[in-house]
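This is what each chain is made of:
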Amino acid sequence: MQIGELAKRTGVSTRALRHYEDTGVLIPERTTHGYRVYTEADITRVAQIKAMISAGLGTATIKRYLDCARVGDHGTSLEMCPNLRTELDSIAERLSSKQAELRQTQQRLSELASIG
């Protein structure tokens with residue numbers, strides 16, 4: 001299938017699919033004329049990429065750990081490959097820090113709104 005059909009079947013824009021290719025997380029075959037050709041396995045690969053992006057992982061991280069992704073009855077999950085736990089813990093810590101900053105900002109806004 002070509003890129004337009006893959007985009008339609010996965011709900012991912014052709015631009016995003018090209019970005020996945022540029023970052024090396026999706027590697028289509030090419031025809032002799034240079035057209036991208038995708039397989040059914042690429043549909044699964046895109047689902048894995050989407051799940052990992054929605055969990056806060058960037059494409060560089062996804063590239064390192066995409067082979068750890070598994071698709072089952074309940075969607076995509078990650079098998080704990082070496083160093084993956086450390087990477088996930090680091091992301092969780094950054095998110096917690098951002099949440100704390102947001103709570104502080106909300107508190108300051110509330111305090112400002114109550115003055116006056």
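The residue count restarts for each chain, going from 1 along the sequence in the order it is written. Given that this is a predicted model, residues contribute local features only at a pLDDT of at least 70 and side-chain atom pairs are listed and counted only at 80 or more, while totals for whole chains, interfaces and linings are drawn from all residues. Excluded from the side-chain calculations are hydrogens and water; all other atoms, namely the structure's heavy atoms, are used.

## Comments concerning the overall build of the chain
What counts is decided by this rule: Helix and strand assignments follow DSSP, with helices taken as H or I runs no shorter than four residues and strands as E runs no shorter than two, numbered in order from the N terminus. To get the radius of gyration, use the C-alpha atoms; to get the globule rule, take the number of residues to the power 0.38 and multiply by 2.2 Å. Relative accessibility thresholds used throughout: buried, under 20% of the residue-type maximum; exposed, over 50%; partly exposed, between the two (1.4 Å probe, protein chains only). Only heavy atoms enter the contact rule, under which two residues are in contact if any of them lie within 4.5 Å. Using the Shrake-Rupley algorithm and a 1.4 Å probe, accessible areas are obtained, with residue cover drawn only from the displayed protein chains. Asp and Glu count as negative and Lys and Arg as positive, but His and the ends of the chain are not part of the count. Where a charge lies is defined by one atom per residue type: Lys uses NZ, Arg uses CZ, Asp uses CG and Glu uses CD.
The helix and strand tally for the chain stands at five helices and four strands. In the chain, the succession of helices and strands from N to C terminus is α-α-β-β-α-α-β-β-α. The C-alpha atoms of the chain give 19 Å as radius of gyration, which overshoots the globular expectation for 116 residues (13 Å, by more than 25%). C-alpha extents for the chain along the principal axes are approximately 70 × 35 × 25 Å. A total of 116 residues make up the chain; the buried ones form 26% of that total. Of all intrachain contacts in the chain linking residues separated by at least 6 positions in sequence, the fraction that spans at least 24 positions is 40%. Put simply, the chain shows about 8100 Å² of open surface, and 51% of that area lies on carbon and sulfur atoms. One finds the centroid of the 16 positive side-chain charges in the chain at a distance of 5 Å from the centroid of its 14 negative side-chain charges.

## Comments concerning helix α2 (residues 14-23)
Formally: Directions are taken from the helix axis to each C-beta atom, and the arc is the one they span.
When α2 is considered as a whole, its buried residues turn out to be L17, Y20 and E21. Along the long axis of α2, the arc covered by the buried residues comes to 100 degrees, so they all point the same way. Facing away from the buried side of α2 by over 90 degrees, the exposed positions are R15 and D22. Contacts from the buried residues of α2 go to α1 (3-10), β1 (29-30), β2 (36-37) and α3 (40-54). Residue G24 follows α2 closely and has a positive phi angle near 85 degrees.

## Description of the environment of G24
Relative to the helices and strands, G24 resides in the loop between α2 and β1. Distance in space between the C-alpha atoms of G24 and K63 is 6.7 Å, their sequence separation being 39 residues.

## Digging into α3
Short version of the rule: Multiplying 1.5 Å by the residue count of a helix minus one yields the expected span of that helix.
Between the first and last C-alpha of α3 there are 22 Å, a value that for 15 residues agrees with the 21 Å anticipated at 1.5 Å per step. Taken as a whole, α3 has its buried residues at D42, I43, V46, Q48, I49 and M52. Here the buried face of α3 lies against α1, α2, β2, α4 (59-65), β3 (69-72) and β4 (75-78).

## Focus on the environment of G34
With respect to the helices, strands and loops of the structure, G34 is situated in the loop between β1 and β2. C-alpha of G34 to C-alpha of S110: the two residues are 76 residues apart in sequence and 58 Å apart in space.

## A look at the pairing of β4
Applicable threshold: Paired strands, in this sense, are two strands between which DSSP finds at least two bridges.
Summarising the sheet, β3 and β4 pair through four bridges and their orientation is antiparallel. Bridge assignment links R70 to a residue of β4, and that residue is S77.

## Some points on the packing of α1 against α2
How two helices sit against one another is set out by the angle between their axes and by the gap between those axes. Heads up, the condition is: To obtain each axis, a line is fitted to C-alpha atoms, and for helices this fit is confined to the stretch in contact; angles are then taken between N-to-C directions over 0 to 180 degrees. An angle below 35 degrees is treated as roughly parallel, one above 145 as roughly antiparallel, one from 65 to 115 as roughly perpendicular, and anything else as oblique. Here the term charged refers only to Asp, Glu, Lys and Arg, the term nonpolar to Ala, Val, Leu, Ile, Met, Phe, Trp, Tyr, Cys and Pro, and the term polar to all other amino acids, Gly among them.
Across the interface, α1 lies against α2 with an axial gap of 9 Å and an inter-helix angle of 105 degrees. As summarised for this structure, α1 and α2 are arranged roughly perpendicular, according to the angle between their axes. Contacts between α1 and α2 pair I3, G4, L6 and A7 from the former with T14, L17 and R18 from the latter. Here the residues of the contact of α1 with α2 are counted per class, giving four nonpolar, two polar and one charged.

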